[in-house]
Every structure is written in C-alpha cells, then in structure tokens.
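These are the residues of each chain, in order.
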Amino acid sequence: HILVLDDSITTRTLEKSILEAHGYRVTLCVDGREALERLSEGMEVGLIISDVEMPRMDGFALLQAVKADRRLEEIPVILVTSRASDEDRERGLRLGADAYIVKTRFDQNELLAGIRRLL
C-alpha cells in the first residue's frame, strides 16, 4: 500500500496508474496535511511518495513530521519534485528521504526500482 501526495491531479493520476499497473494499492492525497491526518487516523502504508511543493503542508514538513513520529518513522519516503537544486536534494535526504527524484528527469523504471528496493 503506497500513499501518493501531489497537489497536481495530473501527477497523482499518472503515478497512481503506474503503481497500480505494477500491483500496488494506492491512496492519493492532495497535500502533506491530508496525508498526515490519514496516517494519524491509523492508515497503514508501506511507502510514501510525496511532492515537495504543496499547499498547507509541503513535502519537507511532512517528511519531518513522519520521521519525528515513532509510529511512522520507519515508513520509507520518496520525494518526487520539480526542485532540482543540489541544496533541495541535500535537504530532502538530510531530513530522512530515502530517495529524491526530479520530475524533469522522471523515469518510471527508476521509481519502480526504488520502490522495490525500499519495500
């Protein structure tokens, strides 16, 4: 079960289609706050795929919240974002992201390989 967060309906739909075609169950959220609410309500997921730039709670803030919560800290997180700078990548990895994928270089095989490695 994978939790996918992105404020772009196009990106959410694309990622969901890719993941479901490879046998994963997917839940979609529009931002970090919605995802954190669902996780706090007890939703169990094996992996989180999150955009960085989203309203209400961005991916960096979600990542910090997940890694600070003992019940959630072991969930792997992949950031998929348009933020391509080394500084943003280093920040994401420093905060605990297990992978950082830039959307302009998005390759579904890279994403799927990362998921298989983490699950």
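Everything below is about the structure printed above this text.
This is a predicted model, so every value here is computed, not measured.

## As for the packing of helix α2 (residues 32–40) against helix α3 (residues 59–68)
Where α2 contacts α3, the axes come no closer than 9 Å and their chain directions differ by 20 degrees. Looking at the two axes, α2 sits roughly parallel to α3. The element α2 and its partner α3 pack so that their crossing is right-handed. Between α2 and α3, the residues in contact are G32, A35, L36 and L39 and L62, A65 and V66, respectively. In terms of residue class, the contact of α2 with α3 is built from six nonpolar, one polar and no charged.

## Here's the deal with the sheet that holds strand β1 (residues 2–5)
Spatially, five strands are ordered β2-β1-β3-β4-β5 in an open sheet, and the strand pairing comes out parallel. Strand pairing shows two members of the sheet lacking a second neighbour, β2 (26–29) and β5 (99–102), which therefore form its edges. In this sheet, adjacent strand axes meet at a mean angle of 20 degrees when their direction is disregarded. In the sheet, strand β3 (residues 47–50) pairs with strand β4 (residues 77–81) via three bridges, with the strands oriented parallel.

## Quick word on the pairing of β1
Side chains I2 and V4 project from β1 onto one buried face, and the interleaved L3 and L5 project onto a second face that is buried too. Alignment of β1 against β2, held across four bridges, turns out to be parallel. Across the sheet, the residue bridging to L5 is C29, located in β2. Tracing the backbone out of β1, into helix α1 (residues 9–21) and back to the parallel element β2 gives a crossover that is right-handed.

The rules behind each value
Residues numbered from 1 in each chain as written. Predicted model: local features only at pLDDT ≥ 70, side-chain atom pairs only at ≥ 80, totals over all residues. Heavy atoms only, no water. Axes fitted to C-alpha atoms, helices over the stretch in contact; angles between N-to-C directions. Helix = DSSP H or I, 4+ residues; strand = E, 2+ residues; numbered from the N terminus. Parallel < 35°, antiparallel > 145°, perpendicular 65-115°, else oblique. Left-handed = near helix turned anticlockwise from the far one by under 90°. Contact = heavy atoms within 4.5 Å. Nonpolar A, V, L, I, M, F, W, Y, C, P; charged D, E, K, R; others polar. Pairing = 2+ DSSP bridges. Buried < 20%, exposed > 50% of the residue type's maximum accessible area, 1.4 Å probe, protein only. Right-handed = clockwise from strand over helix to strand, strands pointing away.

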